[in-house]
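Spelled out from the first residue to the last, the chains are:
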Amino acid sequence: MAIQSAAPASISRGHGGRRDGLGPAVSGERVNVRDFGAKGDGRTIDTLAINRAITACAPGQTLYFPSGIYLVDNSDMRDNGAHTTIPLGDGVNVFMEKDAWMKRHPSERKGVYFLAPTSNNILQVNVDGDEIVDARHDRWSQAQCIGVNGADCKNVTVVNSHFKNLTYGVRTRGASGCRLHESHFRQIRLSGVLMQAAGMASSIHNEVVGCTFENMGDTAAAFHVTDRNGVCAHNRVDRCIAKNTQLRALGFAFDFEGGFEFGKIHNNAITGCKVEQTAVSALGQGGITMNRYSEDSIIAGNSLIGNLHQAHDVGIMIPDTRGIKVLDNYIEKFRGGAINADGAESAVISRNQIRNSGDATIPGVLLHSAIVLGYVSGSRSCLVDDNVIEWSVGYPFGGENAAAIAARRYEKHGVADLTIRNNKIRNALGHGIMIVGFGEPGYQLQNVQIEYNELTDDSPGRVPGRKPVVARYIHGLRMEGNVVGSGRREVDLTGSTGSGLLARL
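Fair warning: this is a prediction, and the values are worked out from it, not measured in the lab.

Rules of the game
Residues numbered from 1 in each chain as written. Predicted model: local features only at pLDDT ≥ 70, side-chain atom pairs only at ≥ 80, totals over all residues. Heavy atoms only, no water. Helix = DSSP H or I, 4+ residues; strand = E, 2+ residues; numbered from the N terminus. Buried < 20%, exposed > 50% of the residue type's maximum accessible area, 1.4 Å probe, protein only. Contact = heavy atoms within 4.5 Å. Areas by Shrake-Rupley, 256 points an atom, 1.4 Å probe, with all protein chains shown as cover. Salt bridge = Lys/Arg side-chain N within 4 Å of Asp/Glu carboxyl O. Core = buried A, V, L, I, M, F, W, Y, C linked by side-chain atoms within 4.5 Å. Phe/Tyr/Trp six-rings, centres within 6.5 Å; stacked < 30°, edge-to-face > 60°. Lys NZ or Arg CZ within 6 Å of the ring centre and 35° of its normal. 1 Å grid on protein atoms, 1.4 Å probe; cavity = no way out; pocket = protein on both sides within 12 Å on 5 of 7 lines; lining within 4 Å. Points joined across faces, edges and corners; volume = space filled by probe spheres on them. Nonpolar A, V, L, I, M, F, W, Y, C, P; charged D, E, K, R; others polar. Pairing = 2+ DSSP bridges. Lys, Arg positive; Asp, Glu negative; His and termini not counted. Polar contact = N/O pair within 3.5 Å; in protein donor to acceptor, adjacent residues only side chain to side chain.

Attention shifts here to the overall build of the protein. In terms of helices and strands, the protein carries 1 helix and 54 strands. Evaluated residue by residue, the protein yields a buried proportion of 58% over its 505 residues. The contacts of the protein with a sequence gap of at least 6 include a subset with a gap of at least 24, amounting to 74%. As presented, the protein carries roughly 18900 Å² of accessible surface, and 49% of it is formed by carbon and sulfur atoms.

So this is what it looks like as structure tokens:
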């Protein structure tokens, strides 16, 4: 199925010339695979012919595929560990016409279609792994098919490309300055894009921009540090669309997967993306995550829409992180909550619009509140301000076991230096704001400000058991300027000390 360089053949340039028929991103004298014997008829195995054309390409030239279906197999394979590959030389580009496809021959089970192990390649390709659905599990088969694979590559661009029925669309291990632009991924068994960092192979200054992902088995685009030496920094995902990332529990559409220590995953960004999770049969469908030990990064201007199907689906996850900004996002219909910042330090959660997210029906569990600032790992020095959080009257997962904004102490992990300010909360699924310590010595929370929030309720009559503010066992609680609508004025300040506690809401 996969292809690699073969012995040089005599070169026939065919039409010759420069940029004749090539896309705007790909230029250079073209080397036509048809001139080396490739048929592109969907019946002939074109492996050897394409390899001859690859070998003939010099830096700055473009491997050119006219319209057709080019079947490939492992008949001219080179064993490269777990996969076979097509090694492209430094500066060699690839251009496939929009109706030209590289396709797996049905007899093969694995392969890498294009390998970019060097630098300065531009690829505009179309790859179909043609994986077979395993009817027993209703999932894709275990064939290992990768569209483009890069290792220690620099300044590689994949643009206006199409990937379908593959294990991964694009996978890199140690990439810098690489760009994936305006490409389309469909029916991918694991991730559309996976960029890994390990050892000295860091993943830095890469970008995924303007791509669409539909029916991913795991994530749309993921960045992953695989050991303590890997660095993942200055990467961005921008203006991408993901529809139905599914199968894995808590499978997030856009994912910085976390690492081993601070200082390794930093200054990354996910901005302007859109996530639509509508497949009710999926095990988990999350929106965005920047996981453990991510720091000094931003999640901003995204639109995330879930389906309330799974109790653990969360819009944005930033657990055990430092200095993450979550700004100007729209989040709707995530039953596991909108934003989870458990264990976060110096997080800023501001100007987000949250609708119909969370689950207050599970007894004793605050985890599924709309915004969670501490559940198991506590939080420190976080700011939650200027958010709009609202629910429809009659929201099906309302109750007493969650809140619009929540934090609690768990064992030794406390909550300190927390500011909740200028938020508008309407028809809260449970309590409005719930920050809870415990009465035992050493288990109180420290320095919490709850100021100038507006809490209103359109529900007919008073909802028993739900309060606008619950702030228990906090030393240094400051309450000022909060406004509460009629019918929900009761507050619970058990064990708290500070200023403004007697002020009428």
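Quick look at unusual backbone geometry now. A positive phi angle, near 60°, is found at Asn165, a position not held by glycine. Mapped onto the secondary structure, Asn165 falls in strand E14 (residues 162-166). Taking relative accessible area as the criterion, Asn165 reaches 17% and is therefore assigned buried. Within the chain, Arg351 stands out as a residue other than glycine whose phi angle is a positive 60°.

Moving on: the pattern of salt bridges. In this structure the tally under the stated criterion is 16 salt bridges. Arg236 is the salt-bridge partner of Glu207, the closest N and O atoms lying 3.2 Å from each other. Of this pair, Glu207 sits in strand E20 (residues 207-209) while Arg236 sits in strand E24 (residues 236-238), and the two are 29 residues apart along the sequence. Linking Arg351 and Asp328 is a salt bridge whose minimum nitrogen-to-oxygen distance equals 2.9 Å. In this pair, Arg351 sits in the loop between strand E38 (348-350) and strand E39 (353-355) while Asp328 sits in the loop between strand E35 (325-327) and strand E36 (330-332), placing the two residues 23 residues apart along the sequence. The exposure class assigned to Asp328 is partly exposed, which follows from its relative accessible area of 37%. Among the ionic contacts, a cluster of salt bridges with common partners joins Glu332, Arg355, Glu390, Arg426 and Asp458.

As a further point, take the nonpolar core. Looking at soluble globular proteins, one finds that nonpolar side chains tend to be buried together. Ranked by size, the top nonpolar core spans 112 residues in total, and within it Phe65, Phe114, Phe213, Phe254 and Leu373 carry the most contacts. Considering each element in turn, this core owes the most residues, 5 residues, to helix H1 (residues 47-56).

Within H1, 7 of the 10 residues are buried, which leaves the element mostly enclosed by the surrounding structure. Buried within H1 we find Thr47, Ala49, Ile50, Asn51, Ala53, Ile54 and Ala56. On its buried side, H1 packs onto strand E1 (30-32), strand E2 (41-45), strand E3 (62-65), strand E4 (68-72) and strand E6 (100-104).

Now for the packing of aromatic side chains. How two aromatic rings sit relative to each other is given by the distance of their centres and the angle of their planes. Tallied over the entire structure, the rule returns 8 aromatic pairs. For the ring pair Phe185 and Phe213, a centre distance of 4.8 Å and an interplane angle of 10° mean the geometry is stacked. With a gap of 28 residues between them, Phe185 in strand E17 (residues 184-188) and Phe213 in strand E21 (residues 212-216) connect regions that are remote in the sequence. Phe213 carries the same exposure label as Phe185, and that label is buried. Taking 4.6 Å as the distance between ring centres and 10° as the angle between the ring planes, the aromatic pair formed by Phe223 and Phe256 counts as stacked. You can see Phe223 sitting in strand E22 (residues 221-225) and its partner Phe256 sitting in strand E26 (residues 252-256), a full 33 residues away along the chain. What makes Phe223 buried here is its relative accessible area of 2%. The class of Phe256 is buried, set by a relative accessible area of 1%. Through successive ring pairs, a cluster of aromatic residues spans Phe163, Phe185, Phe213 and Phe254. When the ring centre of Trp101 is taken as reference, the NZ or CZ atom of Lys164 above it lies at 4.6 Å. Arg408 extends its terminal NZ or CZ atom over the ring of Tyr375, reaching a point 3.9 Å from the ring centre.

Going through the model one piece at a time under the given rule, you end up with 2 cavities of 30 Å³ or more. Taken as a whole, the second largest cavity holds about 60 Å³ of empty space. Lining the second largest cavity we find Ala116, Val148, Asn149, Gly150, Cys153, Val156, Val158, Val170, Thr172, Cys178, Leu180 and Met195. Per element, the largest residue contribution to the lining of the second largest cavity is 4 residues, and it comes from strand E12 (residues 144-154). Here the residues of the lining of the second largest cavity sort into 9 nonpolar, 3 polar and no charged.

Our next topic: the pairing of strand E48 (residues 445-451). Direction of pairing for strand E45 (residues 415-421) relative to E48: parallel, over a ladder of 5 bridges. Bridge pairing in E48 places Thr419 opposite Gln449. The pairing of E48 with strand E51 (residues 474-480) spans 6 bridges and is parallel. The residue bridging Ile450 from the neighbouring strand is Met479, located in E51.

This part is about the environment of Lys39. Inspection of the secondary structure puts Lys39 in the loop between E1 and E2. Those residues in contact with Lys39, other than ones at most four positions away along the chain, are Arg34, Thr44, Asp46 and Tyr70.

This paragraph deals with the side chain of Glu97. Topologically, Glu97 is positioned in the loop between strand E5 (93-96) and E6. Here Glu97 is buried and forms no salt bridge, its nearest opposite-charge partner Arg30 lying at an N-O distance of 5.5 Å. At 2.7 Å, the side chain of Glu97 forms a polar contact with the side chain of Tyr64.

Attention now moves to the pairing of strand E18 (residues 193-197). Remember that side chains alternate between the two faces of the sheet whenever the strand is regular. Counting buried residues along E18, 5 of its 5 residues qualify, which places the element largely inside the surrounding structure. Of the two faces of E18, the one holding Val193, Met195 and Ala197 and the one holding Leu194 and Gln196 are both buried throughout. Across 4 bridges, strand E15 (residues 168-176) lies against E18 in parallel orientation. Directly across from Thr172, in E18, lies its bridge partner Met195. Bridge count for E18 against E22 is 5 bridges, and the pairing is parallel. Directly across from Gln196, in E22, lies its bridge partner His224.

Relative to the helices and strands, Ala402 resides in the loop between strand E43 (388-390) and strand E44 (403-408). The sequence separation of Ala402 and Val372 amounts to 30 residues, and the corresponding C-alpha distance is 9.5 Å. Beyond its immediate chain neighbours, meaning those up to four positions away, Ala402 contacts Asp359, Ala360, Val365, Leu366, His368, Ser369, Leu429, Gly430 and His431.

Distances and angles like these do not, on their own, reveal function.
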